[in-house]
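The primary structure of each chain is shown beneath.
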Amino acid sequence: IAVVVAEPVAVGALLDCVRRGAGALLTNVVVFDIYRGRGIADGFKSVALGLNLQDVSRTLTDGDTDAVVARVVADLEREHSATIRDQ
């Protein structure tokens, strides 16, 4: 998930938001890129997050993972005014 947020938003706050939103299926979340520059407005940054999801009792479906991602994105939008990065 790559989101654009205002520069003052702490990466730790984004990670906390992801952890709460993803719930028990989240086994790990990592920041794999922070980008500032061409295509990103001044005063903003793009933060790319990788989520590992797992359920020990069953195989997750696309619907399961899509629901978690949608919930996380909605939480990031609501709590941090994040937007999904287009490119």
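Notes on the structure follow.

1. Let's talk about the overall build of the chain
Phase 1 of the analysis: Counting its secondary structure elements, the chain contains 2 helices and 4 strands.
Phase 2 of the analysis: Start at the N end of the chain and walk to the C end: the helices and strands fall as β-α-β-β-α-β.
Phase 3 of the analysis: The C-alpha atoms of the chain give 13 Å as radius of gyration, which agrees with the globular expectation for 87 residues (12 Å, within 12%).
Phase 4 of the analysis: With respect to the principal axes defined by its C-alpha atoms, the chain has extents near 45 × 20 × 20 Å.
Phase 5 of the analysis: The burial tally for the chain puts 32% of its 87 residues in the buried class.
Phase 6 of the analysis: In the form shown here, the chain has an accessible surface area of approximately 5,200 Å², with 51% of it arising from carbon and sulfur atoms.

2. Some remarks on the nonpolar core
Phase 1 of the analysis: Grouped together as the largest cluster of nonpolar side chains are 17 residues, with contacts concentrated most on Val5, Leu14, Val18, Leu49, Val72 and Leu76.
Phase 2 of the analysis: Residue assignment for this core shows that the elements contributing at least two residues are strand S1 (2-6), helix H1 (11-22), strand S2 (26-35), strand S3 (44-53) and helix H2 (62-80).
Phase 3 of the analysis: When sequence neighbours within four positions are dropped, the list of residues in contact with Leu14 reads Val5, Val9, Val47, Leu76 and His80.

3. Focus on the side chain of Lys45
Phase 1 of the analysis: Along the polypeptide, Lys45 turns up in strand S3.
Phase 2 of the analysis: Glu7 provides the closest opposite charge to the buried, unpaired Lys45, separated from it by 4.2 Å.
Phase 3 of the analysis: Here the side chain of Lys45 touches Glu7 through a polar contact of 3.1 Å, landing on its backbone oxygen.
Phase 4 of the analysis: A distance of 2.7 Å separates a polar atom in the side chain of Lys45 from the backbone oxygen of Val9.
Phase 5 of the analysis: Setting aside residues no more than four positions away along its own chain, Lys45 makes contact with Val3, Val4, Val5, Ala6, Glu7, Val9, Val11, Ile34, Tyr35, Arg36 and Ile40.

Procedures and definitions
- Residues numbered from 1 in each chain as written.
- Predicted model: local features only at pLDDT ≥ 70, side-chain atom pairs only at ≥ 80, totals over all residues.
- Heavy atoms only, no water.
- Helix = DSSP H or I, 4+ residues; strand = E, 2+ residues; numbered from the N terminus.
- Rg over C-alpha atoms; globule rule 2.2 N^0.38 Å.
- Buried < 20%, exposed > 50% of the residue type's maximum accessible area, 1.4 Å probe, protein only.
- Areas by Shrake-Rupley, 256 points an atom, 1.4 Å probe, with all protein chains shown as cover.
- Core = buried A, V, L, I, M, F, W, Y, C linked by side-chain atoms within 4.5 Å.
- Contact = heavy atoms within 4.5 Å.
- Lys, Arg positive; Asp, Glu negative; His and termini not counted.
- Salt bridge = Lys/Arg side-chain N within 4 Å of Asp/Glu carboxyl O.
- Polar contact = N/O pair within 3.5 Å; in protein donor to acceptor, adjacent residues only side chain to side chain.

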